[in-house]
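# Structural overview
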Amino acid sequence: MRIGVFCTYENPVRDYKACFDAQTRLVRRAEEVGFEEAWVAEHHFDDDAVSPSILTLLSYLAGVTSRVRLGSAAVLLAFRNPIQVAEDVATIDVLSNGRFDFGVAKGGPFPAQNKHFHAAKEESRDMTLEALELIERLLYEDRVTFSGAHFHVDDLALYPKPLQKPIPTWIATSTPSAIEYAARKGFGLMAASLVPIAKIEQAAAAYRATGPAADPRLALARFYYAAETREKALAEALPFIARFADRMRGIFLAQNALASFDPEEIVERSLIGSYEELAENIVGIHRRLGVGSLLLKPATANESLALASLDDFAAKIRPRIEAALA
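Residues numbered from 1 in each chain as written. Predicted model: local features only at pLDDT ≥ 70, side-chain atom pairs only at ≥ 80, totals over all residues. Heavy atoms only, no water.

## Considering the packing of aromatic side chains
Under the criterion given, the structure shown has ten aromatic pairs. With 5.6 Å between their ring centres and 85° between their planes, Tyr-9 and Phe-20 make a pair best called edge-to-face. One end of the pair, Tyr-9, is in the loop between β1 (2–7) and α1 (16–32); the other, Phe-20, is in helix α1, and eleven residues separate them in sequence. For Tyr-9, a relative accessible area of 2% corresponds to the buried category. (Phe/Tyr/Trp six-rings, centres within 6.5 Å; stacked < 30°, edge-to-face > 60°. Helix = DSSP H or I, 4+ residues; strand = E, 2+ residues; numbered from the N terminus. Buried < 20%, exposed > 50% of the residue type's maximum accessible area, 1.4 Å probe, protein only.)

Below, the structure written as structure tokens:
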């Protein structure tokens, strides 16, 4: 099981430069302490989660790191031109010396995105899968002619070509047809921070049902905070969790949509507790799901504590996990 950091570019003080700098320091610290991966989320029209230009951010991170793999979690393909995405993906792969992991999704329940990018909600899943098919061809074939329901190219050659052939690819989905598509193509599955373990288990089982050798290469994101005791960990993490819950409730209320974001329920779906407790929980999750990559989102707005939480995982939690799984 590989360990990564999950970056959502929170901006509680509305200082974009400080936000970007802090997230960069987090990724660099993750690399320093032995994390294998760093993944960046894509958000739009949210001044408290300022990562709309996900591929630009990953290009920058490619230049300030040297070993950690860099992943998109995830590029919202229904809102983008697939030709431009293919060009950007190939460029990042070259700049990073073949360290790019390509995660894609159709976008969450945020109507403003569909409205302003002119992508009807009922068409976004089909647009995503069609765009991904075109991107795959553009990355690896010399010349491409493609005619789909949404995208068309005629005898197009794309440059540069990526170093990795193929670039490892993931889809964030729980839809049966998309899971089957991912399994047929050999793409991995991604699971967001608040998705229940039981639902992820169902998706992984559906993936594996396509064939005895099918491996979902599950990338699992989770809020994370650890301390000597569970009480101390909760004392630090709960303000962050409560603020996140309030913000998400506000977003859904603005859409006249009801959604429950109970801080206690979020904590139950997170990795928050003592070092020993978290090691046991992670081992149990891995044995249950077969996690390929565990992506940790530090549950604190304090940068010093977020950096220290990565140190703690590397020094106090990971050795326990590795010993248990040896």
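## Focus: the nonpolar core
By size, the foremost hydrophobic cluster in this structure holds 84 residues, and its most contacted members are Leu-77, Phe-102, Leu-220, Phe-313 and Ile-317. The element that contributes the greatest number of residues to this core is helix α5 (residues 124–140), accounting for eight residues. Once residues within four sequence positions are removed from consideration, Leu-77 is found in contact with Val-85, Phe-102, Val-104, Ala-105, Thr-128, Ala-131, Leu-132 and Ile-135. Among the nonpolar cores identified, the runner-up in size contains 17 residues, and Phe-223, Phe-240, Ile-266 and Ala-299 belong to it. (Core = buried A, V, L, I, M, F, W, Y, C linked by side-chain atoms within 4.5 Å. Contact = heavy atoms within 4.5 Å.)

## Comments concerning α5
In this model α5 runs 24 Å from its N-terminal to its C-terminal C-alpha over 17 residues, within 8% of the 24 Å that 1.5 Å per residue would give. When you tally the buried positions in α5, you get twelve out of 17 residues, the bulk of the element. (Expected span 1.5 Å × (residues − 1).)

## Quick word on the environment of Ile-3
One can find Ile-3 in strand β1. We classify Ile-3 as buried; its relative accessible area is 2%.

## So, unusual backbone geometry
Looking along the chain, the bond that leaves Ala-73 and enters Ala-74 is cis, with omega of 10°. For Ala-74, the position within the fold is in the loop between β3 (69–72) and β4 (75–76). Cis rather than trans, the peptide bond between Tyr-159 and Pro-160 has omega equal to 0°. By the secondary structure assignment, Pro-160 is in the loop between β7 (152–156) and β8 (169–172). One non-glycine residue, Asn-97, lies in positive phi territory at about 60°. With respect to the helices, strands and loops of the structure, Asn-97 is situated in the loop between α3 (82–95) and β5 (100–105). Relative accessible area serves as the criterion here: at 63%, Asn-97 is assigned to the exposed category. Look at Arg-217: it is not a glycine, yet its phi comes out positive at around 45°. Mapped onto the secondary structure, Arg-217 falls in the loop between α7 (197–208) and β10 (219–227).

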